[in-house]
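A closer look at the structure
Single-letter residue listing:
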Amino acid sequence: MNRSADAELAGATEVAGFAQDIDAMTLVRAQRGDMAAFAVLYARFGRACYGLALRLVGNAPQAEDLVQEVFLKLIETIRSFRGDAPFGAWLKRMTVNAAIDQLRGRKRFADADPDEMFSQLAAVDAAPMQSIDAWTLLQQLPPRARAVVVLHELEGYTHAELAALFGQSESYSKSILARALQRLHAYVAPAAGQPT
């Protein structure tokens, strides 16, 4: 590589995840059914879809299935993409919707009562965790609570957006979030006081 190319690369910031740009020709080709264009879309956005799906559904095999489902649905629905929002945002929304649909299908997720959802969890163990890992903490939450925490705290969804996604009120979303964060704090507090 020459020096000017190195300088260009050094000044460029890499964009990852759903924020990546995709060229208009690839989108047009995909909208016409070109499978090579879909392969480009998968190569570009597959990892972001998987990461979000994994954070929402909580296990790798289900996340893999969800990504496959999203990209199969993409083949059917890409013609409806109008470009009003960036493609990555549209695909992210498809991934979130598919994850929530999958979680709704789970029997234990069907419970809409926050008290019931959290009462099913075991009480915080007396022995604190030796190390705190965000993923391990999220796994301690019921699926709906984990989804609310991930979407609100990590993905930036508002309570109004969560209410629409879950078919509940904003106060329901706020209640789930508050209880989930309280549960996470209960796990972290004993471990934080331990000497390392």
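Preceding this section is the structure that the text describes.
Residues numbered from 1 in each chain as written. Predicted model: local features only at pLDDT ≥ 70, side-chain atom pairs only at ≥ 80, totals over all residues. Heavy atoms only, no water.

Topic: helix α4 (residues 60-77)
Between its terminal C-alpha atoms α4 stretches 25 Å, which fits the 26 Å expected from 18 residues at 1.5 Å a residue. Buried residues of α4: A63, L66, V67, V70, F71 and L74, and no others. Taken end-on, α4 shows its buried residues confined to a sector of 130°, consistent with a single buried face. Exposed side chains of α4 directed beyond 90 degrees from the buried face belong to P61, Q68 and E76. Contacts made by the buried residues of α4 are with α3 (35-57) and α5 (87-105). Two to three positions downstream of the cap, the backbone nitrogen of Q62 sits 2.9 Å from a side-chain oxygen, assigning the N-cap of α4 to N59. (Helix = DSSP H or I, 4+ residues; strand = E, 2+ residues; numbered from the N terminus. Expected span 1.5 Å × (residues − 1). Buried < 20%, exposed > 50% of the residue type's maximum accessible area, 1.4 Å probe, protein only. Arc of directions from axis to C-beta. Contact = heavy atoms within 4.5 Å. Polar contact = N/O pair within 3.5 Å; in protein donor to acceptor, adjacent residues only side chain to side chain.)

Side note on the packing of aromatic side chains
By the definition in use, this model includes five aromatic pairs. Judged by centre distance (5.0 Å) and plane angle (75°), the rings of Y42 and F71 are edge-to-face. On the criterion of sequence distance, the pair formed by Y42 in helix α3 and F71 in helix α4 is long-range, its members being 29 residues apart. Residue classification places F71 among the buried residues on the basis of a relative accessible area of 9%. With a centroid separation of 5.5 Å and an interplanar angle of 90°, the aromatic rings of F81 and F87 are classed as edge-to-face. Since its relative accessible area comes to 11%, F81 is described here as buried. Of the aromatic side chains, those joined through ring pairs into one cluster are F45, F81, F87 and W90. (Phe/Tyr/Trp six-rings, centres within 6.5 Å; stacked < 30°, edge-to-face > 60°.)

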